[in-house]
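If you want the building blocks of each chain, they are given just below.
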Amino acid sequence: MSVHTPAEKLELARAEQDSSVLHPLARCPYPFVWHALAANPHTAPETLLELSTAQDSSWNDNRLLRLLAEHPRADRTVLRAVRDAAAAKLTEGERPYAAVLALAGRTELAAEEVRQLGALRGTSARLRSHLDRRLKLRA
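Residues numbered from 1 in each chain as written. Predicted model: local features only at pLDDT ≥ 70, side-chain atom pairs only at ≥ 80, totals over all residues. Heavy atoms only, no water.

Student: Please provide a residue-by-residue account of the overall build of the protein chain, values included.
Tutor: Along its length, the protein chain carries 9 helices and 0 strands. Secondary structure elements in the protein chain, listed N-terminal to C-terminal, are α-α-α-α-α-α-α-α-α. Relative to the 2.2 N^0.38 estimate, which gives 14 Å for 139 residues, the radius of gyration of the protein chain is 15 Å and therefore close to what a compact globule would have. Projecting the C-alpha coordinates of the protein chain onto the three principal axes gives extents of approximately 50 × 30 × 20 Å. Counting across all 139 residues of the protein chain, residues that qualify as buried make up 45%. Considering only residue pairs separated by 6 or more positions, the protein chain has 60% of its internal contacts joining residues 24 or more positions apart. (Helix = DSSP H or I, 4+ residues; strand = E, 2+ residues; numbered from the N terminus. Rg over C-alpha atoms; globule rule 2.2 N^0.38 Å. Buried < 20%, exposed > 50% of the residue type's maximum accessible area, 1.4 Å probe, protein only. Contact = heavy atoms within 4.5 Å.)

Listed below in structure tokens is the structure:
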């Protein structure tokens with residue numbers, strides 16, 4: 001099947017179950033396709049890892065990081081890449097707070113690996129409070 005239009009790419013990213021068909025979509029220039037890939041439970045960890053470096057706008061990037069952090073097939077490598085991307089965004093003054101809180105719920109990362117995000121320049125007191133609460137729930 002030949003996919004040409006953004007709408008066709010979006011539909012494929014949402015509905016496809018074959019991860020080898022999904023992977024090339026990570027290289028398309030449309031953040032809405034990236035979001036659909038990150039929400040599709042059939043997307044492979046390799047594709048998720050590639051998506052962790054995708055950049056468009058603050059809002060789209062932060063949403064993508066949250067979706068990646070929540071993805072059921074995100075392994076430790078993917079989650080560390082999301083953590084690193086979220087750390088960079090916090091340092092730049094952006095607010096990937098939902099991704100940080102999603103990471104706090106992932107046991108593939110040690111609590112200390114996630115807790116370190118709360119010490120970065122861009123975190124708010126409220127985020128640190130929610131982060132501590134989420135990490136305590138894991139114990």
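Student: Could you give an account of helix 9 (residues 125-138), naming the residues involved and the relevant values?
Tutor: Its 14 residues place the ends of helix 9 20 Å apart at the C-alpha level, agreeing with the 20 Å of an ideal helix rising 1.5 Å per residue. If you check which residues of helix 9 are buried, you get Leu-127, Leu-131 and Leu-135. Seen from one end, helix 9 has its buried residues packed into an arc of 65°, which puts them on one side. Exposed positions of helix 9 whose direction lies more than 90 degrees from the buried face are Ala-125, Arg-126, Lys-136 and Leu-137. On its buried face, helix 9 is in contact with helix 7 (97-104) and helix 8 (111-115). (Expected span 1.5 Å × (residues − 1). Arc of directions from axis to C-beta.)

Student: So, the packing of aromatic side chains: which residues are in play, and what are the values?
Tutor: Across all of its chains, the model carries 1 aromatic pair by this definition. Residues Tyr-30 and Phe-32 carry aromatic rings whose centres are separated by 5.4 Å and whose planes lie at 20° to one another, so their mutual orientation is stacked. A relative accessible area of 38% places Phe-32 in the partly exposed class. (Phe/Tyr/Trp six-rings, centres within 6.5 Å; stacked < 30°, edge-to-face > 60°.)

Student: Please provide a residue-by-residue account of the nonpolar core, values included.
Tutor: Counting residues in each nonpolar core, the largest one holds 39 residues, and the members touching the most others are Leu-37, Leu-103 and Val-114. Elements represented by at least two residues in this core include exactly helix 1 (6-15), helix 3 (31-39), helix 4 (45-51), helix 5 (58-70), helix 6 (76-91), helix 7 and helix 9. Not counting residues within four places of it along the chain, the set of residues in contact with Val-114 comprises Val-100, Leu-103, Ala-104, Leu-109, Leu-131, Leu-135 and Arg-138. (Core = buried A, V, L, I, M, F, W, Y, C linked by side-chain atoms within 4.5 Å.)

Student: Can you break down the environment of Ser-57 residue by residue, with the values?
Tutor: Within the element layout of this structure, Ser-57 appears in the loop between helix 4 and helix 5. Spatially, the C-alpha atoms of Ser-57 and Pro-31 are 8.9 Å apart, while their sequence positions differ by 26 residues.

Student: An account of the pattern of salt bridges is requested, with residue identities and associated values reported.
Tutor: In the structure shown here, the tally under the stated rule is 10 salt bridges. Glu-50 is the partner of Arg-27 in a salt bridge, and the nearest nitrogen-oxygen pair spans 3.2 Å. With a gap of 23 residues between them, Arg-27 in the loop between helix 2 (19-22) and helix 3 and Glu-50 in helix 4 connect regions that are remote in the sequence. Residue class for Arg-27 comes out exposed when judged on its relative accessible area of 54%. Assessed through its relative accessible area of 27%, Glu-50 is described here as partly exposed. Arg-76 is the salt-bridge partner of Glu-113, the closest N and O atoms lying 2.9 Å from each other. Of this pair, Glu-113 sits in helix 8 while Arg-76 sits in helix 6, and the two are 37 residues apart along the sequence. Assessed through its relative accessible area of 35%, Arg-76 is described here as partly exposed. (Salt bridge = Lys/Arg side-chain N within 4 Å of Asp/Glu carboxyl O.)

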